[in-house]
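Residues per chain, in single letters:
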Amino acid sequence: MNTSGVTLRLLDKADKEILKLPRTVKGAFFDFQHKFRSNPHTTGLKLQQLKGDSRLWSARVNDEYRALLLRLADNDWLIVSVKHRKDVYNRLSYGVNQVTGGIEYVDLEVVEDSVLRRLPAPASQAPAPAEPAASSQPEPRVRSLFADWSDQQLSDLGVAEPLLPVIRTLTTEEQLLGLVEYAPQLTGEVLLALFDGASYDAVLDQVTKPVAATEPVDPNDFETAAQRPATVVTTTDDALREALESGDFGRWKVFLHPTQARLVERRYNGPARVGGGPGTGKTIVALHRVRYLVRQLPPGRDKPVLLTTYNKNLAADLRSRLLELGGEELLSRVEVSHVDQLALRIVREAEPGNGKQAIDDSQAVREWRGLLDELGEEGWDPEFLHDEWTQVILGQAVGTRTDYFRARRAGRGRNIGRAERAEIWQLAERFSQRLDRLGRQTWDQVAERAARLEMGREQRILTVARQREEAGGLDNVHLQDGSGGWLRYRYRHIVVDEAQDLRPAHWKLLRAMAARGADDLFLVGDTHQRIYKNQVTLGSLGINIRGRSSKLSLSYRTTRQILRSALGVLGETRYDDLDGNEENLAGYRSVLSGGLPAGHAFPDWAAEREGVAALIKEWDADSDTGIQHEQIAICVPTNQMAAEVAYTLKLNGIHSVEIRSDGPHGSSGVHIGTMFRFKGLEYQRMIIAGVSDGLVPREAVSRLRDTDRVRYRHEIQRARSLLFVAATRARDSVDVFWHGKPSPFLDGSWVDTPESAS
């Protein structure tokens with residue numbers, strides 16, 4: 001029987017199950033899916049319908065394992081599981097979810113067994129009470145976790161109805177996590193959100209509605225259900241191999257959560273923004289968005305899509321991941337560049353003789369300090385002057401002293417009068433002259449100059465457009481740029497990762513680089529992770545995202561235990577949303593579970609470093625851990641501390657690799673760097689050392705409390721964000737070390753652990 005053209009899909013949950021199978025079985029599965037696509041009725045596959053079921057079939061993978069498949073249509077099949085042959089006849093349930101319209105599959109026996117394994121110890125195993133109970137009344141029955149919600153309410157939220165009887169038996173978080181491990185994804189998300197205290201309406205709005213079907217759902221139409229975003233599947237050989245060979249950490253290339261997929265493929269009438277906490281897949285959405293935009297392009301050899309971010313390290317990572325996602329064909333239509341490098345290129349194009357060395361903020365502050373020393377000025381703080389110059393004078397493109405007198409200084413804290421502004425302006429002019437003499441320029445100067453150049457270019461483009469319109473739309477009105485090419489916008493689409501860290505001049509530059517219109521700018525970021533001083537309001541810079549903002553709330557990286565402690569680091573601090581409103585992490589959650597974060601206290605820094613080395617040796621000695629050193633990271637507050645930790649590890653026979661601005665310098669070893677270096681990275685185990693009062697936050701920040709309250713508030717917020725970013729790089733575990741008094745940012749979930757006893 002010739003059945004060429006067979007479609008074979010793999011359900012999202014099935015690939016996770018296959019990953020756990022022995023290597024030989026996975027190899028057999030690859031052979032199986034090739035044979036099945038050629039002819040599912042090949043004798044060796046032994047395809048047969050399960051008794052009493054019209055849709056569920058099984059087929060031979062090898063002598064021990066069989067694939068369970070749903071027949072969606074004549075030549076359309078969906079693999080829902082790969083099981084040992086003795087488990088094929090478990091109580092299996094499948095159907096079309098009435099809320100999402102997606103296909104769901106549950107092995108009820110596996111779920112029930114997972115819950116039963118987590119039952120509290122029987123009363124007979126509990127220690128006997130010291131005295132007989134005073135009352136002979138029977139013990140009160142333990143209340144179900146979800147007693148406050150009816151079956152109908154849970155079903156309306158998208159919970160799989162076959163699991164309702166099991167859900168009614170849950171009384172502990174451990175049991176709930178046992179069910180979530182094997183339940184359909186939406187069921188797990190809904191139950192955990194309710195358990196975490198979210199209201200019914202909040203769960204409906206934040207968890208269910210984003211993935212709900214937009215049209216009526218026919219429970220018998222499995223073929224249509226398979227096409228809906230809620231049925232997360234893959235069909236191609238390459239995608240299937242990618243999902244299985246790369247393991248869990250390679251799944252991002254193949255499987256997108258329905259909420260992510262909708263954001264990727266949506267048409268926006270202007271700039272759009274996607275927010276969300278760490279590990280929610282914002283960067284993944286950005287990468288898939290780039291691929292989606294490229295697929296809409298007409299054929300060509302140009303690069304009309306720009307993918308940019310704040311620093312070199314992240315840009316290199318984006319380029320590598322984009323190559324993984326779509327190969328050279330995708331990369332050939334995309335320019336990947338960190339935004340400062342982009343600005344520098346614009347300036348050098350316009351000013352070929354500009355050979356000034358670009359310096360970073362810390363070098364610039366040293367130059368400010370040098371200038372003040374030369375002038376004998378003791379009344380000004382070099383950091384304050386640098387911030388005023390970058391955020392107000394350069395940030396607002398202030399060109400004259402008169403303009404500076406009028407400039408708004410919202411959020412700058414310390415009030416300064418006209419006479420003080422005159423002093424600052426004079427110092428800023430001297431500072432610029434000093435940099436010129438030294439042949440240096442700051443990245444802020446580069447960004448501001450590039451923005452001016454590109455805004456001028458945009459004005460010329462608009463002028464040409466008006467001339468063409470006045471000439472009746474004829475194409476005989478044109479203008480050339482400085483290089484002799486036709487003048488046009490540099491990019492059709494711009495995608496920005498880590499948007500919260502860009503400066504005002506960066507936004508002006510990017511806004512001028514793409515024509516205003518549909519799908520022009522797509523931004524992803526989280527202001528809770530802002531670790532630099534750049535606070536902007538996009539609307540004031542010509543980027544209107546009102547009505548086009550979305551938020552991701554499900555973490556795919558960090559466990560629930562780590563997440564709870566990390567959120568505590570943020571405290572009650574308020575964060576903006578890049579558009580003048582308040583940002584929050586309401587509904588931010590994880591369905592992953594793991595151990596509790598651990599705190600480790602030591603009397604001094606030397607002892608703390610030895611403690612870090614001892615913990616890594618302990619992991620090495622644990623045969624069950626099996627962790628590579630490249631999956632362990634140590635972050636500390638300063639470069640000096642990083643060097644000292646590396647030296648201590650070396651004395652203990654542990655090799656380490658330094659994380660620099662462009663990534664790890666070395667191929668094998670524990671990764672060590674300052675907290676700033678770990679933005680955008682992730683590890684199985686994270687060690688955060690030196691989290692002591694006076695280091696996190698720095699003592700200099702604490703001194704601002706009495707001299708500049710607004711600046712103090714901003715610096716404290718930044719310090720909290722830095723520690724939050726560090727803690728949420730971890731997939732499995734976080735260990736926090738300190739000496740002396742712990743940082744005030746650490747609450748009891750970090751400090752009150754047995755390891756922290758000094």
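Since the model is a prediction, treat every value here as computed from it, not as a measurement.

Novice: Can you break down the packing of helix H12 (residues 282-295) against helix H13 (residues 312-331) residue by residue, with the values?
Specialist: Two elements in contact, H12 and H13, have axes whose closest approach is 10 Å; the angle formed by their N-to-C orientations is 25°. Classified by the angle between their axes, H12 and H13 sit roughly parallel to one another. In this structure, the crossing between H12 and H13 has a hand that is right-handed. Side by side, H12 and H13 meet where Thr283, Ile284, Leu287, His288, Val290, Arg291 and Val294 of the first sit next to Leu318, Arg321, Leu322, Leu325 and Leu330 of the second. When grouped by side-chain class, the residues that make up the contact of H12 with H13 number 8 nonpolar, 2 polar and 2 charged.

Novice: Explain the pairing of strand S10 (residues 305-309) to me, and be specific about the residues and the numbers.
Specialist: Judged by how many residues are buried, S10 sits mostly within the fold: 5 of 5 residues are covered. Here S10 shows a buried face lined by Val305, Leu307 and Thr309 and a second buried face lined by Leu306 and Thr308. Summarising the sheet, S10 and strand S11 (residues 334-338) pair through 5 bridges and their orientation is parallel. Bridge pairing in S11 places Val305 opposite Val334. Crossover S10 to S11 through H13 is right-handed. For S10 and strand S14 (residues 493-496), the ladder comprises 4 bridges, and the chain directions are parallel.

Novice: Would you mind going over the nonpolar core in detail, with residue names and values included?
Specialist: Among the nonpolar cores identified, the biggest contains 70 residues, and Ile494, Trp507, Leu510, Met686, Ile688 and Leu723 are the most heavily contacted of them. Tallying contributions element by element places helix H25 (residues 709-727) first for this core, with 9 residues. Not counting residues up to four positions away in its chain, the partners in contact with Leu723 are Val569, Met675, Ile688, Val691, Val696, Phe745 and Leu746. Within the second largest apolar cluster, 39 residues are counted, among which are Ala14, Leu21, Tyr65 and Val82.

Novice: Would you mind going over the pairing of strand S9 (residues 272-276) in detail, with residue names and values included?
Specialist: Where burial is concerned, most of S9 is hidden: 5 out of the 5 residues are buried. Side chains Ala272, Val274 and Gly276 project from S9 onto one buried face, and the interleaved Arg273 and Gly275 project onto a second face that is buried too. Sheet topology places S9 next to strand S15 (residues 521-524); 3 bridges connect them, and they run parallel. In the strand pairing of S15, Val274 is matched with Val524. With 4 bridges connecting them, S9 and strand S16 (residues 549-552) associate as parallel partners. The residue of S16 that forms the bridge with Gly276 is Leu552.

Novice: Pulling in residues and values, what's your account of the packing of aromatic side chains?
Specialist: As enumerated under the stated definition, the model contains 14 aromatic pairs in all. A centroid spacing of 5.9 Å and a plane angle of 65° characterise the contact between Tyr94 and Phe222, whose relative ring orientation is edge-to-face. One end of the pair, Tyr94, is in strand S6 (residues 92-96); the other, Phe222, is in helix H9 (residues 222-227), with 128 residues separating them in the sequence. You can call Tyr94 partly exposed: its relative accessible area is 21%. Arranged with centres 4.0 Å apart and planes meeting at 10°, the rings of Trp368 and Phe431 form a pair that is stacked. Here the residue Trp368 occupies a position in helix H15 (residues 361-375), and Phe431 occupies one in helix H18 (residues 418-438), the gap between them amounting to 63 residues. Note on accessibility: Trp368 and Phe431 belong to one class, buried.

Definitions and cut-offs
- Residues numbered from 1 in each chain as written.
- Predicted model: local features only at pLDDT ≥ 70, side-chain atom pairs only at ≥ 80, totals over all residues.
- Heavy atoms only, no water.
- Axes fitted to C-alpha atoms, helices over the stretch in contact; angles between N-to-C directions.
- Helix = DSSP H or I, 4+ residues; strand = E, 2+ residues; numbered from the N terminus.
- Parallel < 35°, antiparallel > 145°, perpendicular 65-115°, else oblique.
- Left-handed = near helix turned anticlockwise from the far one by under 90°.
- Contact = heavy atoms within 4.5 Å.
- Nonpolar A, V, L, I, M, F, W, Y, C, P; charged D, E, K, R; others polar.
- Buried < 20%, exposed > 50% of the residue type's maximum accessible area, 1.4 Å probe, protein only.
- Pairing = 2+ DSSP bridges.
- Right-handed = clockwise from strand over helix to strand, strands pointing away.
- Core = buried A, V, L, I, M, F, W, Y, C linked by side-chain atoms within 4.5 Å.
- Phe/Tyr/Trp six-rings, centres within 6.5 Å; stacked < 30°, edge-to-face > 60°.

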